[in-house]
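The residues making up each chain are set out below.
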Amino acid sequence: MVKHYRPPGKKKEGNAARYITRSQAVKHLQVTLPLFRRLCILKGVFPREPKKKMKGNHHTYYHVKDIAFLQHEPLLEIFRDKRAYEKKIKKAESKKNPDLANRLRTRIPTYKLDRIIRERYPKFVDALRDLDDCLTMVHLFATLPALEREKLEVERIHNCRRLSHEWQAYISRSHKLRKVFISVKGIYYQHVEIIFVDGLYIFVLYVLFKAEVEGQKVTWLTPHALQQVLPDDDVDFNVMLTFVEVYETLLTFVNYHLYHSINVKYPPILDPGLEALAADLYALSRYFDASSRTPVVDPHDPSIFGSEQVETQQKGTPPDESELRLAQLQHQLPSNEPGALMRLVEDVTDEDEEDEDTVECKKLFKDLKLFLSREVPRESLLFVIPAFGGVVSWEGEGAPFKEADQSITHQIVDRPTQGHIFLSREYIQPQWVYDCVNARIILPTESYMVGRVPPPHLSPFVDNDAEGYVPEYAETIKRLQSAARNEVLPLPGIGKEDLEDPQKLLVEGIIDRAEANEAAERKRKMILEQNRYLDELKMEVIGTTTSDDKQSISKEMEAREASDPDIQRIVQDHANMSKVVMSRNKRKLYEAMEIGKKRKQSHVDLLKERKRKIAAAQKSVES
């Protein structure tokens, strides 16, 4: 049967029916391009890459179902109404009618993103998996200055700072921080997320952190505490502000869930005196400590609130909830309790059984009491040290204990010399704390003392064995770790049974060709000596050996030596046989992998050559 003829342009099939360009989507939704971008960011709609691009490669494509999803979004109508009100306000201002303009400003439609967050992240684990960029962006905006021309409002900056401190306080409380790395970009953090069974990189300097919550590893970047200079035209702040708007709501939901998981009320109510002194982490630690105590203060108790609050209660006016909570905190904690700063080292009540990693991190700085001088990065150290079980204070008002405290074991300074010195403590540089955290042991302080050049700060996110080059200080740390745990260091990647077969090691790529040849030669000599010894013992049992017997033994040994396989030939034959059975695509992929290995090996050789030249230069200077 002949197929029915379809005139061109009447009906679309394939990619032409499934994908739509951005200009077509904007025209279909009847919105402007900035509003379309904002709507896509809020709803999590991203461009697609079809296999066959109908309109050409210079267009951006979206799926038709995504555009239909945006078409039925209630926020679209709110944005249209908001735009209409903005036009009315502009018209009233042009007619010099300020009363009407102010009245219209109070009636502008508002919206919340709670429903969108619940739609995009139906489970808590989904939110944790998408938390890396969220934390990085929130920590970035927490350090930016408020600028009216870039629509950076003071309220938004303060909200980002509050959310970042609440997140850091929970990580310290639960001891989930795992890795810290200081770089030129900033501080990198990584933590392990606690999984519940409920079914920028632009112009600032950063620090990277890594933590683990509920089995999900979260890595985020925080800027250094420096004055940020914003560029003029390099960054589109409208797009970034839209992302921050989503991330603020997402992090609020995550903090709420995490705080309630450890039976702590959210949002926390902090001491205004500590907030005025920029000691938010200390105030949060006191709030955690007060919330973990079981006694609840009676709001009608006149001994707590004072005579003025009693009078207001007698008059029938109930006190504000924040005042009640603040009075409860002040009642349960002394005004300046040294151990309260980092009660984070205490056990968290009603928690699940902690894993070995958490217990190890919890006890790293358990017996240490540290003091921070004014020039060190206070906020980062106040976050890291309590997360690993230490007690810390700083120089300034609101500190839990002063510099003259004789129980201080370490003082962290970052200056060439130290004037007044206490003999009962050690003076170290801030890098010592971060290196101890990454190594999970207390490192010797000799290399980190004041005035000395510290060792290289190694990244915990780099696998030295996989890269093929292990720095000298990394080997030193491994020896210290094995000494602390009473272990014997094995050869990386090699078991005892594999040491007997150098051919296997070479084929698997564990050792290079020169090492394999040396190992094979040693093994061959050992086998020859063993066979010669056994033959001599055999001849001694039979009787005295003759010259003919010796010649036969030597010929037999030469034959055995000649029969031993050449390891280079074996490896070459193995590689050739593997290539023969491969398809063309797999062969090209294998060759690309070989090129990558050679490139990595050349980089390792370059590092070794640089290391050799530096050692030679130091030796010549010393001599």
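Residues numbered from 1 in each chain as written. Predicted model: local features only at pLDDT ≥ 70, side-chain atom pairs only at ≥ 80, totals over all residues. Heavy atoms only, no water.

Taking an unreviewed UniProt entry as the reference, the chain is identified by name as Pescadillo homolog belonging to Morella rubra. Under the heading Function (unreviewed entry), UniProt records this for the chain: "Required for maturation of ribosomal RNAs and formation of the large ribosomal subunit." Under the heading Sequence similarities (unreviewed entry), UniProt records this for the chain: "Belongs to the pescadillo family." (UniProt positions renumbered as here; feature names shortened; annotations may be inferred.)

Each helix and strand in the chain was counted, giving 26 helices and 10 strands. A total of 623 residues make up the chain; the buried ones form 39% of that total. (Helix = DSSP H or I, 4+ residues; strand = E, 2+ residues; numbered from the N terminus. Buried < 20%, exposed > 50% of the residue type's maximum accessible area, 1.4 Å probe, protein only.)

Taken N-terminus to C-terminus, the directions of helix α9 (residues 132-141) and helix α11 (residues 237-261) make an angle of 110°; their axes are 9 Å apart at the nearest point. Relative to α11, α9 is oriented roughly perpendicular. Note on packing geometry: the crossing formed by α9 with α11 is left-handed. Counting all contacts with α9, which are made through D133, C134, L135, M137, V138, L140 and F141, the residues of α11 involved are M240, L241, F243, V244, Y247, L250 and L251. (Axes fitted to C-alpha atoms, helices over the stretch in contact; angles between N-to-C directions. Parallel < 35°, antiparallel > 145°, perpendicular 65-115°, else oblique. Left-handed = near helix turned anticlockwise from the far one by under 90°. Contact = heavy atoms within 4.5 Å.)

By the definition in use, this model includes 10 aromatic pairs. Here the aromatic residues W167, W220 and F383 are joined through ring pairs into a cluster of three or more. A cation over an aromatic ring shows up here: K369 above the ring of F401, its NZ or CZ 4.4 Å from the ring centre. (Phe/Tyr/Trp six-rings, centres within 6.5 Å; stacked < 30°, edge-to-face > 60°. Lys NZ or Arg CZ within 6 Å of the ring centre and 35° of its normal.)

Turning to a nonpolar patch on the surface, a few remarks are in order. Taken together, the side chains of Y533, L534 and L537 present a nonpolar region at the surface, about 300 Å² in accessible area. The topology assignment puts L534 in helix α23 (residues 513-542). (Patch = residues over 30% accessible without salt bridge, like charges linked within 9 Å, V, L, I, M, F, W, Y side chains within 5 Å. Areas by Shrake-Rupley, 256 points an atom, 1.4 Å probe, with all protein chains shown as cover. Salt bridge = Lys/Arg side-chain N within 4 Å of Asp/Glu carboxyl O.)

Before going further, it helps to spend a moment on helix α2 (residues 22-29). Residues of α2 that are buried include every one of A25, V26 and L29, and no others. One face of α2 carries all of its buried residues, which in axial projection span an arc of 100°. Turned more than 90 degrees away from the buried face of α2, the exposed residues are S23 and K27. Contacts made by the buried residues of α2 are with β1 (19-21), α3 (33-43), α4 (64-71) and α5 (74-94). Of the residues trailing α2, Q30 is marked for its positive phi of about 60°. (Arc of directions from axis to C-beta.)

Secondary-structure assignment places P386 in helix α18 (residues 378-387). The spatial distance from the C-alpha of P386 to the C-alpha of L364 is 9.9 Å, given a sequence separation of 22 residues.

Considering the arrangement of structural elements, one finds T32 in the loop between α2 and α3. Given a relative accessible area of 33%, T32 falls into the partly exposed group. Each residue touching T32, except ones within four places of it in the same chain, is listed here: V26 and R83.

All right, on to the nonpolar core then. Membership of the largest hydrophobic core comes to 105 residues, with the highest contact counts inside it found for F141 and L177. Among the elements that make up this core, the one with the highest residue count is α11 (11 residues). Both domains that meet at this core, namely domain 1 (15-110) and domain 2 (363-487), each give it at least three residues. (Core = buried A, V, L, I, M, F, W, Y, C linked by side-chain atoms within 4.5 Å. Domains from an automatic or database assignment.)

Once that is clear, we can look at the pattern of salt bridges. Once the charged atoms of two side chains with opposite charge are near each other, the side chains can pair. By the definition in use, this model includes 18 salt bridges. In the salt-bridge network here, residues are joined through shared partners; they are K43, E73, R115 and E119.

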